[in-house]
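# Chain and residue survey
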Amino acid sequence: MVDRIVDVWGTRTPYERGTGWPTRVDQHLAEGVREDDVERWVPSACVLCSNGCGCDIAVKNGVMVGVRGRATDAVNHGRLGPKGLYGSWGWANSPERLTRPLVRENGRLVESDWETAMGRVVEVSRRLLAEKGPLSHGFYTSGQLFLEEYYTLGVIGKGGLGTPHMDGNTRLCTATSAAAFKESFGTDGQPGTYSDIEHCDAIFLFGHNMAETQTVLWARILDRTRAQDPPKVVCVDPRRTEVAEEAVRTGGVHLAPRVGTNLALMNGLTRELFAHGWVDDQWVEHHTLGADNLRETVEPYTPQEVARVCEVDAEDVRRAARIFGESRRVLSTVLQGFYQSHQATAASVAVNNMHLLRAMIGRPGAGVLQMNGQPTAQNTRECGADGDLPGFRNWDNLDHVRDLAALWNVDELTIPHWAPPTHAMQIFRYAEQGSIGWLWISATNPAVSMPESARIRKILQSRKCFTIVQDLFLTETAEFADVVLPAAGWGEKTGCFTNADRTVHLSQKAVEPPGEARSDLDIFLMYADAMGFTDQDGAPLVKWRSPQEAFDAWRECSRGRPCDYTGLSYEKLSGPSGIPWPCNEDAPEGTERLYTDSVFNTAPDQCETYGHDLLTGGTVSPGQYRALAPGGRAFLKGAAYEPPHEDTNDDYPLLYSTGRTVYHFHTRTKTARSPKLNRAAPDAWVELSPSDATRLGIDEGDLVRVESPRGAIEVQARIGHVRPGTVFAPFHYGTWDLDEPTRAHPSRQANELTMTVWDPVSKQPYFKTAACRVHKITAGGRPAPAPANTASATARTRPPGGGGGADAVTPRREDADASECPSNPSRSV
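Residues numbered from 1 in each chain as written. Predicted model: local features only at pLDDT ≥ 70, side-chain atom pairs only at ≥ 80, totals over all residues. Heavy atoms only, no water.

### Notes on the nonpolar core
- Among the nonpolar cores identified, the biggest contains 211 residues, and Trp 438, Trp 440, Tyr 527, Tyr 656 and Val 706 are the most heavily contacted of them.
- The residues touching Tyr 527, leaving out its near neighbours within four places in the chain, are Met 118, Val 121, Val 122, Ser 125, His 137, Ile 156, Leu 161, Trp 438, Trp 440 and Phe 533.
- The next biggest cluster of nonpolar side chains, apart from the first, holds 25 residues, and it includes Leu 102, Tyr 140, Leu 172 and Ile 459. (Core = buried A, V, L, I, M, F, W, Y, C linked by side-chain atoms within 4.5 Å. Buried < 20%, exposed > 50% of the residue type's maximum accessible area, 1.4 Å probe, protein only. Contact = heavy atoms within 4.5 Å.)

Dropping the structure here:
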């Protein structure tokens, strides 16, 4: 197999419209291990992005020694990306794994035992419940546990404790995906499917650098664009990514709007659909509400006005709109460039609007994928481990609350539905103030991943809040904890997870976790047992003991809801491929696309929310919603563009935006422990445009200081392909892998500069709209440590005065095997 560090997407296997994507099996084994040496291949799916690629784990002598893609899986047809190949398994035997519980003694974390550690967790929990009640408790989890674990946690938090303070780091990456679906279609759930790539005439990627965030899905697109009759690609991104390059190559369009102006662009594209008659008026009349209001909202956004606000070419706006308006089948994908930017929900809903106006939903090639960023983000939203009620139930619908209370056999007043659920940003605010005095953080690393990270560190350091961290490694967050619980990771436990197109996979346990580490499910059960949570009959609230029993309980919770799992079982999921929900008596083999009958989940007794004003976040009351009489019709909603909260000024003349690189996942706790992946992107950097670099006297590789009103970082500069006026920084880099003396100074943590500001509807924080300034500290003399074969490659022309940038255009070739991986990265984010 080719070196997938150099050739990220692997060998092309072109296929034409309407034909199946050819199979190509990717495999990587530890150095010295041959295929014949593998004792067992254990079925799973990759958890290093949201694509959910089916795979098998190679086991030898009780150790994970490699991975291969599953040829029969509908998601990936045997392929795996660089992170899955080189980073999914090598961390597991790291000497840095947490193997025993830790407790804080005299200001230091020391090894302990489970009885002592859980005893402290329970003692503080009981005391605070007696003194302050359930609002003293908070949970902050991840998009990387299993379905069974999320559902168990949701039952404990909502049915046992009765706290509304539950959320996950999915709030940072995909909360807007869920919010946009609810506003348009009534409930969460991806309408489209990956196989829409096979049938579409055009692919629009809105703020989605798929080439680096979902590499296998991008390979699927490349295999279509490199065949006869390829789809046109339209890319909306302020950087010249591989996606943007493909847009130009296919005769599509690359729109690079000024950071923070996505909604103005979307309003302009929508206006063009109305202005040129590219609207299916009859379908819209029968199946949607709000077309007249939407038309009025977008009318001011002419191509000239969009060009003025977004700093793009008016003719490019017209061309992109024409491609959408004249194509018979369009597939749209959306990700962090929209979700983490200004007016996130309104801009993402605008993508849904365009599809509804053209009746391009629910049929092959005509779909929307409001993508996820994490492998099990969908499960947090389904199972109630975040701010949602399990099964896409509506907090404001008393019948839904009563139904859940009856299922759990608890008093309906125990389930906190008297106010909106508490989102992550507010949870940390309550911890900062002291009203939350007990915070359980599992499988995530907010000390690095949350915005304005210096503030988050201060909150975690404070003794106002007793903090539990449950993870694989001693992360930057775990360093601040009062109790640290060692968790089992991928391949060390059994459970299900649902990817970004609703496909459910079963991941079987392949090896034992190290030392005393336990699965997240077992840890949650241990807490529930110790707390003595019971139902109204005095029986244990959590009645299951195994992953399979937890899955069966979840199936019953999902019965009759849009995310119906009742037709699924561990036996059925042990087949050749994952299966998309809903799967039930009506759809025993699962459901590839939603809304094929043009009936949406907007009926008042079915919907997950009654909706919001996209501009202010103001809620629609149940009475107001019923008066609309949606009757299964989708909503067309719009909002006027407003400038971002923080714009440039004389002191901070540039815009700052964070993002990802193909070689790392979240805060690098797994991927940085793969030598191949880590050498490809070993340290932090920032990207400047050639014109900005010239103006500032900065050359490729120079050490620069980037400052915002909140903080600063000092890293090397890459003179690259970001649009002028913008600075781009990867957010992955924390301090856990630095030498001890430098750990206290997070001078490379991108989120030092970001803001504590969030979208009014989805409550997702903004990581892509902050003002900054840059100045040179010292000359570099060598290229920045950024990948040279991705969107972070150097610009082809370097600033006057020389510099090492041009030399970095040649991709690095890494010969070291990922099996050399010294230690294990956490599934933390």
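### Examining the packing of aromatic side chains
- Applying the stated rule across the entire model yields 26 aromatic pairs.
- Taking 5.6 Å as the distance between ring centres and 15° as the angle between the ring planes, the aromatic pair formed by Phe 185 and Phe 600 counts as stacked. On the criterion of sequence distance, the pair formed by Phe 185 in helix α5 (residues 175–185) and Phe 600 in the loop between β20 (579–580) and α24 (622–628) is long-range, its members being 415 residues apart.
- Where Tyr 527 meets Phe 533, the ring centres are 5.8 Å apart and the plane angle is 65°; that geometry is what we call edge-to-face. Comparing Tyr 527 with Phe 533 shows no difference in burial state: the two are buried.
- For Arg 673, the ring lying beneath its charged end belongs to Trp 736, and the centroid distance is 3.8 Å. (Phe/Tyr/Trp six-rings, centres within 6.5 Å; stacked < 30°, edge-to-face > 60°. Helix = DSSP H or I, 4+ residues; strand = E, 2+ residues; numbered from the N terminus. Lys NZ or Arg CZ within 6 Å of the ring centre and 35° of its normal.)

### Let's talk about the packing of helix α9 (residues 262–275) against helix α11 (residues 291–298)
- Interhelical geometry of α9 versus α11 gives an angle of 120° and a closest axis separation of 9 Å. Viewed along their axes, α9 and α11 adopt a mutual orientation that is oblique. The element α9 and its partner α11 pack so that their crossing is left-handed. Contact residues: α9 offers Asn 267, Thr 270, Arg 271 and Phe 274, while α11 offers Ala 291, Leu 294, Arg 295 and Val 298.
- Taken together, the residues that form the contact of α9 with α11 break down as 4 nonpolar, 2 polar and 2 charged. (Axes fitted to C-alpha atoms, helices over the stretch in contact; angles between N-to-C directions. Parallel < 35°, antiparallel > 145°, perpendicular 65-115°, else oblique. Left-handed = near helix turned anticlockwise from the far one by under 90°. Nonpolar A, V, L, I, M, F, W, Y, C, P; charged D, E, K, R; others polar.)

### Focus on the environment of Ser 507
- Within the fold, Ser 507 resides in strand β19 (residues 503–507).
- On the basis of relative accessibility, which here comes to 0%, the residue Ser 507 falls in the buried class.
- Distance in space between the C-alpha atoms of Ser 507 and Arg 455 is 37 Å, their sequence separation being 52 residues.
- Look past the residues within four positions of Ser 507 in its chain and what remains in contact with it is Pro 43, Ser 44, Phe 146, Trp 490, Lys 493, Thr 494, Gly 495 and Phe 497.
- There is a polar contact of 2.7 Å between the side chain of Ser 507 and the side chain of Ser 44. (Polar contact = N/O pair within 3.5 Å; in protein donor to acceptor, adjacent residues only side chain to side chain.)

### Details of helix α21 (residues 520–531)
- Relative to the 16 Å expected for 12 residues at 1.5 Å per residue, α21 spans 17 Å between its end C-alpha atoms, a close match to the ideal helical length.
- What α21 keeps buried is the set Asp 520, Leu 521, Ile 523, Phe 524, Leu 525, Tyr 527, Ala 528 and Met 531.
- Gly 532 occupies a position one or two residues after α21 and carries a positive phi of about 70°. (Expected span 1.5 Å × (residues − 1).)

### With respect to the sheet that holds strand β8 (residues 166–168)
- Reading across the sheet, the 7 strands line up as β6-β5-β17-β16-β15-β7-β8 and stay open at both edges, with mixed pairing between neighbours. The open sheet terminates on both sides in strands that have one partner only, identified here as β6 (108–111) and β8. Sheet twist, expressed as the average angle between the axes of neighbouring strands with direction ignored, equals 20°.
- Where strand β7 (residues 137–141) lies against β8, 3 bridges are found, and the strand directions are parallel. For Tyr 140, the partnering residue across the bridge sits in β8 and is Asp 167.
- Contacting β7 and β8, helix α3 (residues 147–161) crosses the sheet at an angle of about 165° to β7. (Pairing = 2+ DSSP bridges.)

### Points about the pairing of strand β24 (residues 703–707)
- Relative to strand β25 (residues 712–719), β24 is paired through 5 bridges, and the arrangement is antiparallel. For Val 706, the partnering residue across the bridge sits in β25 and is Ile 713.
- Where β24 folds back onto β25 in an antiparallel hairpin, the turn is made up of 4 residues.
- Judged from the 5 bridges that link them, β24 and strand β27 (residues 770–778) form a sheet pairing that is antiparallel. Its bridge partner lying in β27, Arg 705 is registered against His 775.

### Focus on the layout of surface pockets
- When its volume is computed, the largest pocket comes out at roughly 760 Å³.
- What lines the largest pocket is a set of 38 residues, and nearest its centre among them are Lys 182, Pro 420, Pro 421, His 612 and Val 761.
- Contributions of two or more residues to the lining of the largest pocket are made by α4 (170–173) and α5.
- For the lining of the largest pocket, the element with the most residues is α5, which contributes 5 residues.
- The class makeup of the residues in the lining of the largest pocket is 14 nonpolar, 14 polar and 10 charged. (1 Å grid on protein atoms, 1.4 Å probe; cavity = no way out; pocket = protein on both sides within 12 Å on 5 of 7 lines; lining within 4 Å. Points joined across faces, edges and corners; volume = space filled by probe spheres on them.)

### Quick look at empty space enclosed by the protein
- This model, assessed by the stated rule, comprises 10 cavities of 30 Å³ or more.
- Counted as a void, the largest cavity has a volume near 360 Å³.
- Together, 26 residues line the largest cavity, and Gly 207, Asp 237, Pro 238, Gly 337 and Lys 768 are the ones closest to its centre.
- Within the residue set of the lining of the largest cavity, elements represented by two or more residues are α14 (336–339), β22 (654–659) and β26 (726–730).
- For the lining of the largest cavity, a count of residues per class yields 8 nonpolar, 13 polar and 5 charged.

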